[in-house]
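Letter by letter, the chains look like this.
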Amino acid sequence: MGEALLTQKLVGDRLELVAGGSWTAPYAGELETEIDRVAGGPSGAKSTKTTDVSIDMGGVRELDTFGAWLLERLTRQWTGAGRDAVVVGLPQHGADLVEEMHGVNREPPPPAPRHNPIVSVLAAIGRGTTGFAGSFHTFAQMLGETGLAAARVLVRPSEYRLTSTVHQFDRVALQAVPIIALITFLIGAILAQQGIFHFRKFGAELYAVDLVGILVLREIGVLIVAIMVAGRSGSSYTAELGSMKMREEIDALRTMGFDPVEVLVLPRIIVLVLALPALTFLGSMAALYGGGIVAWLYGGMSPDIYIARLTDAISLTHFKVGMIKAPFMGLVIGLVACAEGLRVKGSAESLGIQTTKSVVESIFMVIVLDGLFAIFFASIGM
Amino acid sequence: MSETPPVIKVRDLVVGFGTQTVLDHLDMDVRPSEILGVVGASGAGKSVLLRTIIGLIPRREGSIEVLGKDLDRVDENERRALERRWGVLFQQGALFSSLTVKQNVQFPMRENLDISQRLMDEMAYAKLELVGLSPRDGEKFPSELSGGMTKRVALARALALDPEIVFLDEPTSGLDPISAGDFDELIRTLQQTLEITVFMVTHDLESLYNACDRIAVLADGKVAAEGTISVMLESQHPWVKMYFQGKRGSSLADRELTQ
């Protein structure tokens, strides 16, 4: 440890180096500085005074590839400057190692790829744009393929994968019930509290019930549920299909004559189309329930009054508006999730990227779709 | 030879999952600077043994000593220091898919050593050349590599810190016979120049003949037979007999013996 790794002595115009200690990986950092100091020093490889160098390796206790390479680098600096470099005292094992290192790093390392900053910014913008267009393209493609698979299944219903559908329904719908009920219950409660708090200022607390009822049934219920499902099930679809793609399971299916869209994608999308209305109904009820509890405990409104006011304020139309939107949102989430899953490439990083994209895109699409539906319902007077 | 203390000493090892016992009171020694080939039927627990020694699978009973240290009695720091002294080549390569080949090889160096980027680059290229790759392959990503190249890069990464022991999990599986033969030779050469101990799990009869000094056969959760290839050929254990004197084994044996 305390031993000097390299000591130098000038004998005439000959530089004598004596090596010692461990020339191994843990000391490689130290050793490299020593070697650079000797080679670049006043009597180093580039100086005009000294001609030759001799290195006595007899005192070295351990030598590994790190040490052997650094020794090789040292001698190369001398021979490169046209001088003589002699290594003495190497044990047999060390000599083999140095011999092995003699051949390496002969060709200059491949130049690091250089990037013009302006070009790379432009390239990034271009790639982003085509990527954005590409996602719409894959979305449309997935929609078409799923439609085709659905048509095939309609013709031959016996080929539909019922077991897989039931299994997925359990995961996507039934197992989501507790968390969705809890979240929508809390949202309903918060809406009611905010409504009562602000409407109280002009004595219109009763209208808080209208606020909760209409908002929950038309918008909030379905939106919260869709966003929850996109985060919960959409991401898992993408990750599942993506890792199946990475492990060539999708290719295996294809070679056995199965259409991956029919086997994997269609059941998942159908499940989402069925699950979203069910979860939306449940979520809306939980939200109205939460609103009622807050109206009672915080607003001092008895449950009877809350229900009476609610039946006045809302109509079946509001309920229908929310429920009609739900299956379409399920379809969009499923399509985006499966399309992104099948776009995963070889690396773990790409799985992460596609999963993020899947969640972000499906939430974005859900909100865009909600806006389109708002325009549609307004124009038909619902 | 047998007087020197073993590099890996496994005593009375029991490993199981649930109700199933995979390794049942297994004893094994790996001697310094030897290439030990571990064979056995699929599911005999070869990979389990390897993963238990490197600490990826918990054991129920028994002790494992690596480089003279009992794995139960080392603290966090000692364990890390010990892990630096071995390298592992996983069956599928287990390269980090988001790093280039060069970065994969440099990863252990970057984490464990305090050396300059220049030396790290030179060492990475040196290791790549040692395993028979060109520096130009350094910029590739693992998904762009063929099966044989993946194994070579994984070996270069396993050798990054100049370990004293290298664990190889089926290094030649999935390679064509010529590449597999090259790989055996490579392991042999590296073992001789770098004086490492190699613990190799394999199915490849050729590897056993060409690369291994000693062979251990796992059967029924124990080491059923142990020794050089000639010991194996004379063994009376039914599985060993079938393995080495079966159709594939005996034709190889004939060829090796006539050479």
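What you are looking at is a predicted structure, and each value in this text was computed from that prediction instead of being measured. (Residues numbered from 1 in each chain as written. Chains lettered and ligands numbered in written order. Predicted model: local features only at pLDDT ≥ 70, side-chain atom pairs only at ≥ 80, totals over all residues. Heavy atoms only, no water.)

Engineer: Any chance you could explain the overall build of chain B here in plain terms?
Structural biologist: Each helix and strand in chain B was counted, giving ten helices and ten strands. Taking 259 residues into account, the globule formula puts the C-alpha radius of gyration at 18 Å, and chain B, at 19 Å, falls close to it. In terms of overall dimensions, chain B has C-alpha extents of about 55 × 45 × 40 Å along its principal axes. Taken over 259 residues, chain B has a buried fraction of 53%. The long-range share in chain B, meaning contacts at least 24 apart out of those at least 6 apart in sequence, stands at 66%. For chain B, the exposed surface amounts to about 11600 Å²; the carbon and sulfur share of it is 48%. Across chain B, 29 positive and 39 negative side-chain charges occur, with their mean positions spaced 2 Å apart. (Helix = DSSP H or I, 4+ residues; strand = E, 2+ residues; numbered from the N terminus. Rg over C-alpha atoms; globule rule 2.2 N^0.38 Å. Buried < 20%, exposed > 50% of the residue type's maximum accessible area, 1.4 Å probe, protein only. Contact = heavy atoms within 4.5 Å. Areas by Shrake-Rupley, 256 points an atom, 1.4 Å probe, with all protein chains shown as cover. Lys, Arg positive; Asp, Glu negative; His and termini not counted. Charge placed at Lys NZ, Arg CZ, Asp CG, Glu CD.)

Engineer: Mind showing me how you'd approach the overall build of chain A here?
Structural biologist: Per the secondary structure count, chain A includes twelve helices and four strands. Since a compact globule built from 382 residues should have a radius of gyration of about 21 Å, the 36 Å found for chain A marks it as more spread out than a globular shape. With the C-alpha coordinates of chain A rotated into their principal frame, the extents come out at 110 × 60 × 40 Å. Counting all 382 residues of chain A, 43% fall into the buried class.

Engineer: Before we go on, may I ask you to explain the interface of chain A and chain B in this structure?
Structural biologist: Listed as interface residues are 28 residues of chain A and, on the opposing side, 25 residues of chain B. A salt bridge links Arg73 of chain A to Glu122 of chain B; the nearest nitrogen and oxygen atoms lie 2.4 Å apart. Across the contact surface, chain A and chain B share five residue pairs in polar contact (both at pLDDT 80 or more). Per-element tally for the side of chain A that touches chain B: the top contributor is helix H2 (residues 65-80) of chain A, with six residues. (Salt bridge = Lys/Arg side-chain N within 4 Å of Asp/Glu carboxyl O. Polar contact = N/O pair within 3.5 Å; in protein donor to acceptor, adjacent residues only side chain to side chain.)

Engineer: Quick question: what am I supposed to make of the pattern of salt bridges here?
Structural biologist: Side chains that carry opposite charge are capable of pairing whenever their charged atoms lie near each other. All names here are of chain A. Counting across every chain of the model gives 26 salt bridges over all chains. Across the pair Arg76 and Glu72 runs a salt bridge whose closest N-O atoms are separated by 2.9 Å. With Arg76 and Glu72 both in helix H2 and four residues apart, this pair spans about one turn of that helix. For the pair Arg76 and Glu72, a shared accessibility class is recorded, and that class is buried. The salt bridge involving Glu262 is made with Arg152; its shortest N-O contact spans 3.0 Å. On the criterion of sequence distance, the pair formed by Glu262 in helix H9 (residues 260-297) and Arg152 in helix H4 (residues 117-155) is long-range, its members being 110 residues apart.

Engineer: Mind showing me how you'd approach the sheet that holds strand E7 (residues 165-169) of chain B here?
Structural biologist: Backbone hydrogen bonds are what pair the strands of a sheet, in a parallel or an antiparallel way. Residues and elements named next belong to chain B. Pairing is mixed across the open sheet formed by six strands, whose spatial order is E6-E7-E8-E3-E9-E10. The open sheet has two edge strands, strand E6 (86-89) and strand E10 (222-227), and neither has a second partner. Sheet twist, expressed as the average angle between the axes of neighbouring strands with direction ignored, equals 15°. Where strand E3 (residues 35-40) meets strand E9 (residues 214-219), five bridges bridge the pair, whose relative direction is parallel. Within E9, the position partnered with Gly37 by the bridge is Ile215. (Pairing = 2+ DSSP bridges. Axes fitted to C-alpha atoms, helices over the stretch in contact; angles between N-to-C directions.)

Engineer: Honestly, the sheet that holds strand E1 (residues 6-11) of chain A in this entry has me stumped. Any pointers?
Structural biologist: Residue and element names in this part refer to chain A. Strands sit in the order E1-E2-E3-E4 across an open sheet of four strands; the sheet is mixed. A single partner strand is all that each edge strand has here, and the edge strands are E1 and strand E4 (85-88). Direction aside, neighbouring strands of the sheet carry axes that sit 20° apart on average. Where E1 lies against strand E2 (residues 14-23), six bridges are found, and the strand directions are antiparallel. Each bridged residue has a counterpart across the sheet, and for Gln8 the counterpart in E2 is Leu17. Taken strand by strand, H2 contacts E2, strand E3 (52-63) and E4, and its axis lies near 180° from that of E3.

Engineer: Would you mind going over the domain arrangement of chain A with me for this structure?
Structural biologist: A common way to state how big an interface is: give the accessible area lost once the parts meet. Here chain A is described as being made up of domain 1 (6-102) and domain 2 (138-379). Just the C-alpha atoms count here: the centres of domain 1 of chain A and domain 2 of chain A sit 69 Å apart. (Domains from an automatic or database assignment.)

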